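The lines below spell out each chain.
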Amino acid sequence: MLRLHACVTKCCFVVSLQKKPLSAVIKEVCDGWNLPGSENYALQYADGVQMYITESNRLDIKNGCILRLTKAPGRCAEDLFKGIQSSDAGVRCDSLKELASVSTDVTFAQEFISRDGHLLLVKIVEDSNESNVIMTHTLTGFMELMDHGIVSWENLSSVFIKKIAGFVNAKSTDASIQQVCLDILESMVLSSHSLFLQVKQEITMERLIAHLQVTNQQIQTKAMALLMALLQTAGDSDRKDMFDFLTKKNVRQYIYKNIIHSSGSVQDEMAHYLYVLQSVTLNLQEPRMRTPLDCCSQEQRDILHGLRQAAFETESENSLSHERRRSLCAKEFRKLGFSNNSNPGQDLSRTPPGLLALDTMYYFATRYPDAYSRFVLENSSREDKHECPFARSSIQLTLILCEILRIGEPPSETGSGYHPIFFSQDRLMEELFCVCIQLLNKTWKEMRATQEDFDKVMQVVREQITRTLSSKPTSLELFKNKVNALNYSEILKLRQTERLHQEETLAPPVLELKERLKPELLELIRQQRLNRLCQGTMFRKISSRRRQDKLWYCRLSPNHKMLHYGDVEEDTENPPIETLQEKIPVADIKGLLTGKDCPHMKENKGKQNKEVLDLAFSITYDVEEYSLNFIAPSRTDFCLWTDGLSVLLGREMSSESMRSELEILLSMEIKLRLLDLENVPIPDNAPVVPKPPSNFNFCYDFSQTEQ
């Protein structure tokens, strides 16, 4: 059942739309309100996008939607068509304002265009006799009508295009008009190549760049949209000329300072266009990435040999014989890290990264010669299996950067993941490579990698770069500092943390549950420790003489009030408590000492090794004049006894064994409790408890006896 609001009254009318024809439903509503001429009315959504209900979209209506009775789209189109031609400027303005609003509906647009209403709007623009307000409404309505794709953009006259371009090029035009005109020009450029050529001819790049420099964010965004449309539609030659012009005008630096670092945040639409500009610019590298090295190219061979000569100071090669020179070159290319040292060009035959890898290596060698020489010479002095191969690493690193920066991929229609660092550097790809190749060498050493670990190292380096770029560094220096701080050990920690998050063991509700379970599980561990002390343990006495040490046994009484101990023979197992002659009341125990603080460790200072120190503990009793000294048989027994004695003394257990067991018990208990919630996401916060109802009249009082 749908509630229908009549536009002429505040009352509601309820009607079923499931089976009747739409015209019958409208007639029924009109008859209910005594409205003649039901064909002049239509149903329309009352909330949100006020779209007309038609036979084609009536099935999309959901129960509870509020509809209203309003003028039929044909009648509305006719009224507005006449109003736009009125001699009264006020009527024209109101009609065009309403047109701009209702033109978003495709049903209305079809009716208005069928009356050649769009041509009427074109004429208003070409004549340019109206006020700025009327012109803004005219252009907005025109744009909304054209967005439906009912009329082709190519049908527009050159006079109209010149007028629109004139509004954009003019310095004193109203901002609202310029905003809509930029929008219209963008749609023209994207619709056909012929319109692209016309717009490119009419719009001056100087003026378009000037629009990027205004404080009005909407104008900035629309100007960027048109610029991106021109760049994406242009051919390779035109695109290169446009990029050269943008570089000459320092547009990138301006965007970096005045848009990315402006006082306000970058809006989603602008973020998308920045992403597109980044993508289109980086894709200029694609031809080099797709081209393999040509072994017949003297220029490319010279660059390869330039890499070798920059790394190794060799004697004059001209004085060497042909065979000696070939042998020397092969040896040096092998030290550079080429797999095919006799013909290193073969390593660059794979595409991607193709010639782009050669470009990045050569840029590093010429831009940072000291760092380049240090990398090559440091690795050539290592053992063969431990050296980090520069050429092989560079080729793979270039491929990784191409994949991370999505070079060769067309920009997505919804993407907005731009990197601020891109706008801070003229040659981002090359500069990133120079930082990351040195990072790779550092990571290689941290991992103590061998040639067999090459792929593993590259995976870590990819993760280091990806994680750092995801933090949106705004400069190359900041990227360099962050990526170098993210060393191999940090990567391992992050992976462990993420694994725990995936298991939902770090979700706030799970952490809260852990805290609630801890007391119960700690009590379980305490009882286990006391039970273990009741079972007892055999210890060895310390002897300074070189003979077999004596054995003694210690155990806690079942009531936990006495500590019994005494000498035993070696073959004795679990002696009865009655055979242990000595005892210490637990109430008399004053303290627990471990390691070098124990009296028997102080007496033999300098004679005990670390292993014995780690197993030593003592208890002091009476007035701390007496002590009972222990050397545990194993680290496990040391943890059990020190924990048990701590429990007897009312202290917290602190051994590593206790922490490990507590974590295991917590993990098991949590997994058991979350078994029913498998694959169900756990929210970080509890859902908000709704407010109580204003009254409880819906509650039935069962205490009242029905009459």
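Here the structure is a predicted model, which is why all the values come from computation and not from measurement.

A closer look at the overall build of the protein chain
Counting secondary structure elements, the protein chain contains 29 helices and 11 strands. Its C-alpha atoms give the protein chain a radius of gyration of 41 Å, clearly above 27 Å, the size a compact globule of 707 residues would have. C-alpha extents for the protein chain along the principal axes are approximately 125 × 120 × 45 Å. The buried share among the 707 residues of the protein chain stands at 45%. Taking the contacts inside the protein chain whose residues are at least 6 apart along the sequence as the reference set, 65% of them involve residues at least 24 apart. Element-wise, carbon and sulfur atoms account for 49% of the exposed surface of the protein chain, whose accessible area totals about 38,600 Å². Between the averaged position of the 84 positive side-chain charges in the protein chain and that of its 95 negative side-chain charges there is a distance of 4 Å.

Quick word on the sheet that holds strand β10 (residues 616-621)
Sheet architecture is open: 3 strands sit in the order β9-β10-β11, paired in antiparallel fashion. Only two strands of the sheet have a single neighbouring strand rather than two, namely β9 (589-594) and β11 (626-631). Averaged over all adjacent pairs, the angle separating strand axes in this sheet is 20°, with direction ignored. Pairing geometry for β10 and β11, over 6 bridges, is antiparallel. Across the sheet, residue Ser-618 finds its bridge partner in β11, namely Asn-629. Docked against the sheet, helix α28 (residues 635-648) engages β9, β10 and β11, running at close to 25° with respect to β10.

What about the packing of helix α3 (residues 89-102) against helix α6 (residues 132-146)?
Closest axis-to-axis distance for the α3/α6 pair is 8 Å, and the angle between their directions is 30°. Our classification of the angle between α3 and α6 gives roughly parallel. In terms of crossing hand, the pair formed by α3 and α6 is left-handed. Contacts between α3 and α6 involve Ala-89, Cys-93, Leu-96, Lys-97 and Ala-100 on the former and, on the latter, Val-133, Ile-134, His-137, Thr-138, Thr-140, Gly-141 and Glu-144. Split by residue class, the contact of α3 with α6 holds 6 nonpolar, 4 polar and 2 charged.

Some details on the environment of Ala-311
Summarising the element assignment, Ala-311 is placed in helix α16 (residues 298-311). We classify Ala-311 as buried; its relative accessible area is 6%. Separated by 54 residues in sequence, Ala-311 and Ala-365 place their C-alpha atoms 8.2 Å apart. Apart from the residues lying within four places of it in its own chain, the contact partners of Ala-311 are Leu-336, Tyr-372, Val-376 and Leu-377.

Digging into the side chain of Gln-44
Structurally, Gln-44 can be placed in strand β3 (residues 41-45). According to the relative accessible area criterion, Gln-44 is buried, its value standing at 6%. Each residue touching Gln-44, except ones within four places of it in the same chain, is listed here: Gln-50, Met-51, Tyr-52, Ile-53, Ile-66, Leu-67, Arg-68 and Thr-70.

A short note on the sheet that holds strand β8 (residues 582-585)
One open sheet holds the 4 strands; their spatial order is β5-β6-β7-β8, and the pairing between them is antiparallel. If you trace the sheet from one side to the other, it starts and ends with β5 (537-540) and β8, each paired once. Averaged over neighbouring strand pairs, the angle between their axes works out to 25° when direction is ignored. For strand β6 (residues 551-556) and strand β7 (residues 562-568), the ladder comprises 6 bridges, and the chain directions are antiparallel. Within the sheet, the bridge partner assigned to Trp-552 lies in β7 and is Asp-567.

Considerations on the nonpolar core
Counting 147 residues, the largest nonpolar core has Met-188, Met-224, Leu-336, Leu-397 and Ile-465 as the members making the most contacts within it. Here the element with the most residues in this core is helix α21 (residues 428-446); it accounts for 11 residues. Among all residues touching Leu-336, those that are not within four sequence positions of it are Leu-307, Arg-308, Ala-311, Phe-312, Tyr-372, Val-376, Pro-389, Phe-390 and Ala-391. Residues Leu-521, Ile-584, Trp-641 and Leu-666 belong to the second largest nonpolar core, which totals 42 residues.

Section: the packing of α6 against helix α8 (residues 175-191)
Interhelical geometry of α6 versus α8 gives an angle of 25° and a closest axis separation of 9 Å. Comparing their axes, α8 and α6 come out roughly parallel. Of the two elements, α6 crosses α8, and the hand of that crossing is left-handed. Of α8, the residues touching α6 (which contributes Asn-132, Met-135, Thr-136, Leu-139, Thr-140, Phe-142 and Met-143) are Ser-176, Ile-177, Val-180, Cys-181, Asp-183, Ile-184 and Ser-187.

Quick word on the packing of aromatic side chains
Going through the model one piece at a time under the given rule, you end up with 23 aromatic pairs. With a centroid separation of 6.3 Å and 75° between ring planes, the pair formed by Phe-539 and Phe-617 is classed as edge-to-face. With Phe-539 in strand β5 and Phe-617 in strand β10, the pair connects residues that are 78 residues apart, well separated along the chain. Residue Phe-539 is classed as buried on the basis of its relative accessible area of 1%. Through successive ring pairs, a cluster of aromatic residues spans Phe-539, Trp-552, Tyr-565, Phe-617, Phe-630, Phe-638 and Trp-641.

Focus: unusual backbone geometry
Of note, the bond from Thr-351 into Pro-352 is cis; its omega dihedral lies within 30 degrees of zero at -15°. Note on placement: Pro-352 falls in the loop between α17 (322-336) and α18 (355-367). For the bond running from Pro-352 to Pro-353, omega is 15°, close enough to zero to count as cis. Considering the arrangement of structural elements, one finds Pro-353 in the loop between α17 and α18. Notably, Ser-128 is not glycine yet its phi reads approximately 50°, a positive angle. Along the chain, Ser-128 turns up in the loop between α5 (117-127) and α6. Here Arg-448, not a glycine, exhibits a phi torsion of approximately 50°, which is positive. The topology assignment puts Arg-448 in the loop between α21 and α22 (454-470).

Things to note about the confidence of the model for the protein chain
On average, the protein chain scores 87 in pLDDT, and the residues at 70 or more come to 91%. In this model residues 1-15 is a low-confidence stretch, pLDDT under 50, and it forms 46 contacts with partners more than four residues away in sequence or in other chains.

Some points on the side chain of Gln-464
Mapping Gln-464 onto the fold places it in helix α22. Residue class for Gln-464 comes out buried when judged on its relative accessible area of 0%. Setting aside its immediate chain neighbours within four residues, Gln-464 contacts Leu-439, Thr-443, Val-483, Leu-486, Asn-487, Tyr-488 and Ile-491.

Conventions used here
- Residues numbered from 1 in each chain as written.
- Predicted model: local features only at pLDDT ≥ 70, side-chain atom pairs only at ≥ 80, totals over all residues.
- Heavy atoms only, no water.
- Helix = DSSP H or I, 4+ residues; strand = E, 2+ residues; numbered from the N terminus.
- Rg over C-alpha atoms; globule rule 2.2 N^0.38 Å.
- Buried < 20%, exposed > 50% of the residue type's maximum accessible area, 1.4 Å probe, protein only.
- Contact = heavy atoms within 4.5 Å.
- Areas by Shrake-Rupley, 256 points an atom, 1.4 Å probe, with all protein chains shown as cover.
- Lys, Arg positive; Asp, Glu negative; His and termini not counted.
- Charge placed at Lys NZ, Arg CZ, Asp CG, Glu CD.
- Pairing = 2+ DSSP bridges.
- Axes fitted to C-alpha atoms, helices over the stretch in contact; angles between N-to-C directions.
- Parallel < 35°, antiparallel > 145°, perpendicular 65-115°, else oblique.
- Left-handed = near helix turned anticlockwise from the far one by under 90°.
- Nonpolar A, V, L, I, M, F, W, Y, C, P; charged D, E, K, R; others polar.
- Core = buried A, V, L, I, M, F, W, Y, C linked by side-chain atoms within 4.5 Å.
- Phe/Tyr/Trp six-rings, centres within 6.5 Å; stacked < 30°, edge-to-face > 60°.
- pLDDT = per-residue confidence, 0-100.

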